[in-house]
Amino acid sequence: QLLEASRYAESLGVAIKGDIPIGVTRCSADVWAEPNLFKLNMNAGAPGDPEQNWGFPPYNWPEMHRDGCSWWKRRLKHMDQYFHAYRIDHVLGFFRMWEIPQKGGGGKYYPSGGLREAGLANLRAIQTASTMLICGEDLGNVPDEVPPVLLELGVLGLRIQRWCDGQTWKYPYLTVGASSCHDCSPCRLWWNEEWGGAEGWYNYFVGKGECPGGPPDWISQKIIKMHCEGTSLLTVNPIQDYIDMWAKLRRPDPKADMINRPGHTDGCWMYRCHLNMEDLLKEANFNGFVKKMMEETKRGTVY
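If you're wondering where the values come from, they're calculated on a predicted model, not measured in any experiment. (Residues numbered from 1 in each chain as written. Predicted model: local features only at pLDDT ≥ 70, side-chain atom pairs only at ≥ 80, totals over all residues. Heavy atoms only, no water.)

## Considerations on helix H9 (residues 217–229)
- For H9, with 13 residues, the first-to-last C-alpha span of 18 Å sits near the 18 Å given by 1.5 Å per residue.
- Taken together, the buried residues of H9 touch strand S9 (175–178), helix H7 (187–193), helix H8 (195–205), strand S10 (234–235), helix H10 (239–243) and helix H12 (284–296). (Helix = DSSP H or I, 4+ residues; strand = E, 2+ residues; numbered from the N terminus. Expected span 1.5 Å × (residues − 1). Contact = heavy atoms within 4.5 Å.)

Structure below.
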């Protein structure tokens, strides 16, 4: 079914982007079949107060390289049937990982040095495993060694407007520009929950009058248009941010548009679009607006 859907999308000029989580659960078939590839006495996570413990075992990279990272290559070869690009979740984990003893706390980064060498070796091992374009989620505390390696290998980085200077017209070409993502609030919810950030965005990018509440749909339209006009190779914006461009289509409660809250479990990964696709297809004015924006900014153009 997935293969049929993928080929249908491709026939219409639509690319599908897959996803590689940075870890696999302890009770997975992968860990059961090849436990030597994982550090089963450790948990992956992230530093902070409180420390994040993700509960899955870190990779045993030296062991993986013993057979040329065949475990990775098998996964990616299978994915290559369905996807044209894929996102590596937490690509920083290919350089170093915050490792926490399974019984206890107080983690540390491993490796503690040689990050350029580790990143190059690990990413090169998977780069030729498929024809898919690689996009790396490089958010968070990014070591200095990471951006040059991604650039050298042609791996796209990620830019979330509120987490950088927001100047979409200056984004590096080898990036994915995004209005928001699954790990943060959609733009309308962000505008309501983080008024200081929203006001700063408004003053910098609009600069006329007082910052409006809501925000009005023209603000949502401007955010998406900035990304479409931006200099990133790709712009991938959540459907929530697209729908919020049209006031009458908005969900009444923007909190229901949230997908994930990192560090929390309750209520996460339960998002469902409140509009049926059949109904959304009937919204001629909205669809015409989006199509016109894509055409004017040359997004979706085949080069």
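Here the narrative resumes, following the displayed structure.
## As for the packing of aromatic side chains
- Inspection of the entire model under this criterion finds 19 aromatic pairs.
- Measuring from centroid to centroid gives 5.1 Å for Trp71 and Trp72, while their planes differ by 80 degrees, and the two rings are edge-to-face.
- Residue Trp72 is classed as buried on the basis of its relative accessible area of 1%.
- Summarising the aromatic geometry, the rings of Trp246 and Phe289 are spaced 5.3 Å apart at their centres and angled 45 degrees between planes, so their arrangement reads as tilted. Residue Trp246 is located in the loop between H10 and helix H11 (277–281), and its partner Phe289 is located in helix H12; the two are separated by 43 residues in the primary sequence.
- Given the relative accessible area of 26%, Phe289 is considered partly exposed.
- Taken together, the ring pairs in this structure connect Phe38, Tyr59, Trp61, Trp71, Trp72 and Phe94 into an aromatic cluster.
- One cation-aromatic arrangement involves Arg96 over Tyr109; the distance from NZ or CZ to the ring centre is 3.6 Å. (Phe/Tyr/Trp six-rings, centres within 6.5 Å; stacked < 30°, edge-to-face > 60°. Buried < 20%, exposed > 50% of the residue type's maximum accessible area, 1.4 Å probe, protein only. Lys NZ or Arg CZ within 6 Å of the ring centre and 35° of its normal.)

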